[in-house]
Amino acid sequence: MEFGLHEEFPSYAGGLGVLAGDFIKAAHDLGAPVVGVGLRWAEGYTVQRIGPGGHPVDEWHEDRSDLLEDVGVRVRVRVRRRTVECRVWRVGRYPIVPLILLEPVAPQDRWITRRLYDTQPDARIAQEMLLGIGGVRALRLLYPLVRLHHFNEGHAVFGGLELIAGRMEDGATFEEAWRDARETIVFTTHTPVPAGNEVHSLADLLRLGAGSELVAGELRRIGGDPFNMTAAGLRLARRANAVAQLHGETARRMWAEVEDAAPLMAITNGVHVGTWQDPRVPGALADDAALLALHQTMKVELFTEIERRTGVRLDPSVLTVGFARRAATYKRPDLVLRDPERLTPWLEGRRLQLVFGGRAHPAESAGDAIVAHPVKSLAQCPKATVFLDNYDMGVARLRTRTGDVCLNTSRRPTYASGPSGR
């Protein structure tokens, strides 16, 4: 559903998209035979500013199209008994493996890909139909040699139903088609929180056509009723993985009752070094003094950018703790601020500085509050604290490269990879 490639192309909402972007960048560097499949969002993700009272205000903008090339292929997916014809774009400019994005051609169908993770009725299911069903059909046309499909989170599992339906059209029974499809699918589950494991009404899937002509009983065998996208992913794949060793333990407990689930191993998330590591770092790694000097240089660069954005001038000689990620209640970005009697003397005595960055999902009111609390609290010590609004990959690069300490106060075990440490 999302690929975090660069802040100039905001086709991502958080860590899931950044991981997918890092994956296809790393695959390119390694020369791996990989192709990415996603959707082209009309408005991508928001610009998020801090408004009155410290609450974030979202501004929607049309996504850039000059980074895309029409490959000249069209795929069709039936949504609510209407045939939705989709254009297939290929993303240019970036050093990545091929990345194709589907988008409806007709204006009356653009409601499907208007906004990433749209909360309007039917929109999420329709988005996942284009991604899964349309994605498989686009691969058949453009990359017929594809032999393995990786479903990165449950969003793509309708593609597995399309693979089963295709085998059944060739004469296979449902059981045979399911077994054959599993041999071509691997699945990654990410967050353990309920919002990251979607459940849809089976009646809604049948009404919209998400089942690729499979009947209710067959859909129930795969995803249950209501239809759980993660459980379906585990039943459609031959292998599955969590994204850290501790998350693997959590996920195996969480999905232990899913019959016919794929074996669930753990593969710890990595990052694309070229994106996140400053290019000066490798030359300084052999010398501690040189590395420390470079760290201080980059810290000054961060503080210069902070002053440009906010007018706050921080001291490079003071220990600086940073928090920078998507604002969600289980990540607890405000935990360090909950004991002001203990924290304030450190800030006022210039023994500590805090740099916060983060954004809430536009539809998540609890996330808004999670942003507003740090904004208000940090304003009490304006010379030693700062909040950077419109958190994006550009801000993230600055923060991850240059802070003294990166704060991680997520509530275990709800955050899949960060707190596990292994």
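The rules we used
Residues numbered from 1 in each chain as written. Predicted model: local features only at pLDDT ≥ 70, side-chain atom pairs only at ≥ 80, totals over all residues. Heavy atoms only, no water. Helix = DSSP H or I, 4+ residues; strand = E, 2+ residues; numbered from the N terminus. Rg over C-alpha atoms; globule rule 2.2 N^0.38 Å. Buried < 20%, exposed > 50% of the residue type's maximum accessible area, 1.4 Å probe, protein only. Phe/Tyr/Trp six-rings, centres within 6.5 Å; stacked < 30°, edge-to-face > 60°. Salt bridge = Lys/Arg side-chain N within 4 Å of Asp/Glu carboxyl O. Polar contact = N/O pair within 3.5 Å; in protein donor to acceptor, adjacent residues only side chain to side chain. Pairing = 2+ DSSP bridges. Contact = heavy atoms within 4.5 Å. Axes fitted to C-alpha atoms, helices over the stretch in contact; angles between N-to-C directions. 1 Å grid on protein atoms, 1.4 Å probe; cavity = no way out; pocket = protein on both sides within 12 Å on 5 of 7 lines; lining within 4 Å. Points joined across faces, edges and corners; volume = space filled by probe spheres on them. Nonpolar A, V, L, I, M, F, W, Y, C, P; charged D, E, K, R; others polar. Core = buried A, V, L, I, M, F, W, Y, C linked by side-chain atoms within 4.5 Å. Expected span 1.5 Å × (residues − 1).

Draft legend 1. Examining the overall build of the protein chain more closely. Assigned secondary structure in the protein chain consists of 14 helices and 16 strands. Here the C-alpha radius of gyration of the protein chain, 23 Å, is about what a compact globule of 422 residues would show, namely 22 Å. The dimensions of the protein chain, computed from C-alpha atoms along their principal axes, are 75 × 45 × 45 Å. Here the protein chain holds 422 residues, and 54% of them are scored as buried.

Draft legend 2. Inspection of the packing of aromatic side chains at higher detail. In this structure the tally under the stated criterion is three aromatic pairs. Look at Phe 174 and Trp 178: their rings are 5.5 Å apart centre to centre, the planes differ by 40 degrees, and that puts the pair in the tilted class. Note that Phe 174 and Trp 178 are positioned in helix 4 (residues 174-182) at a spacing of four residues, about one turn of the helix. The exposure classification of Phe 174 matches that of Trp 178, with both residues buried. The interplanar angle of 20 degrees and the centroid separation of 5.7 Å between the aromatic rings of Phe 323 and Phe 356 together place this pair among those described as stacked. Taken as a pair, Phe 323 in strand 13 (residues 320-326) and Phe 356 in strand 14 (residues 353-359) lie far apart in primary sequence, 33 residues in all.

Draft legend 3. Main features of the pattern of salt bridges. For the coordinates displayed, the defined rule picks out 29 salt bridges. Residues Arg 80 and Asp 122 are paired through a salt bridge, measuring 3.0 Å at the closest nitrogen-oxygen approach. On the criterion of sequence distance, the pair formed by Arg 80 in the loop between strand 4 (68-79) and strand 5 (82-91) and Asp 122 in the loop between strand 6 (99-104) and helix 2 (123-142) is long-range, its members being 42 residues apart. Via salt bridges that share partners, Glu 8, Arg 64, Asp 66 and Arg 93 belong to a single interconnected network.

Draft legend 4. Quick look at the environment of Asp 287. Turning to its location among the elements, Asp 287 is positioned in the loop between helix 10 (281-284) and helix 11 (288-310). From its side chain, Asp 287 meets the backbone nitrogen of Ala 290 in a polar contact 2.9 Å long.

Draft legend 5. Looking closely at unusual backbone geometry. That bond from Asp 225 to Pro 226 is cis: its omega, 5 degrees, falls within 30 degrees of zero. Residue position: Pro 226 is located in the loop between helix 6 (216-223) and strand 10 (227-228). Non-glycine residue Tyr 117 carries a positive phi angle of around 55 degrees. By the secondary structure assignment, Tyr 117 is in the loop between strand 6 and helix 2.

Draft legend 6. The sheet that holds strand 14, seen in detail. Reading across the sheet, the four strands line up as 15-14-13-16 and stay open at both edges, with parallel pairing between neighbours. If you trace the sheet from one side to the other, it starts and ends with strand 15 (385-388) and strand 16 (405-406), each paired once. Sheet strands touched by helix 14 (residues 393-402): strand 13, strand 14, strand 15 and strand 16. Its angle to strand 13, the strand with the most contacts, is close to 150 degrees.

Draft legend 7. Broad picture of the side chain of Ser 11. By the element assignment, Ser 11 lies in the segment before helix 1 (15-30). The class for Ser 11 is buried, based on a relative accessible area of 4%. Apart from residues lying up to four places away in sequence, Ser 11 is in contact with Glu 2, Phe 3, Leu 39 and Trp 41.

Draft legend 8. Region of the structure containing the sheet that holds strand 4. One open sheet accounts for four strands, arranged 1-6-5-4; its pairing is mixed. Unpaired on one side and paired on the other, strand 1 (36-39) and strand 4 mark the two borders of the sheet. Each strand of the sheet is rotated relative to its neighbour by a mean of 30 degrees, with strand direction disregarded. Pairing of strand 1 with strand 6 involves four bridges; the strand directions are parallel. The residue bridging Leu 39 from the neighbouring strand is Leu 102, located in strand 6. Here helix 2 sits on the sheet in contact with strand 1, strand 4, strand 5 and strand 6, set at roughly 120 degrees to strand 4.

Draft legend 9. Spotlight on the layout of surface pockets. Roughly 1200 Å³ of volume is contained in the second largest pocket. Around the second largest pocket, the lining comprises 48 residues; the ones closest to its centre are Phe 23, Val 34, His 150, Phe 151 and Asn 152. Elements supplying a minimum of two residues to the lining of the second largest pocket: helix 1, strand 1, helix 2, strand 7 (149-152), strand 8 (185-188) and strand 11 (239-242). Here the lining of the second largest pocket takes nine residues from helix 1, the largest share from any one element. Here the lining of the second largest pocket is built from residues that sort into 29 nonpolar, 15 polar and four charged.

Draft legend 10. Here's a closer look at the nonpolar core. Counting 64 residues, the largest nonpolar core has Met 129, Phe 158, Ile 164, Ile 222 and Phe 227 as the members making the most contacts within it. Residue contributions to this core peak at nine residues, all from helix 2. Residues within four places of Ile 164 in sequence aside, it is in contact with Phe 174, Ala 177, Trp 178, Ala 181, Leu 214, Ile 222 and Leu 236. The next biggest cluster of nonpolar side chains, apart from the first, holds 18 residues, and it includes Val 321, Leu 337, Val 371 and Val 375.

Draft legend 11. Fine view of the pairing of strand 7. Only one face of strand 7 is buried: it carries His 149 and Phe 151, and the other face, with His 150 and Asn 152, is open. As judged from the four bridges shared by strand 7 and strand 8, these two strands associate in the parallel manner. Looking across to strand 8, one finds that Phe 151 is bridged to Phe 187.

Draft legend 12. Helix 1, seen in detail. Here helix 1 is 16 residues long and its end C-alpha atoms lie 22 Å apart, about the 22 Å a rise of 1.5 Å per residue gives. Burial in helix 1 covers these residues: Leu 16, Gly 17, Val 18, Leu 19, Ala 20, Gly 21, Asp 22, Ile 24, Lys 25 and Ala 27. The secondary structure elements touched by the buried residues of helix 1 are strand 6, strand 7, helix 9 (273-276) and helix 14. Positive backbone phi, at 70 degrees, marks Gly 31, one or two positions downstream of helix 1.

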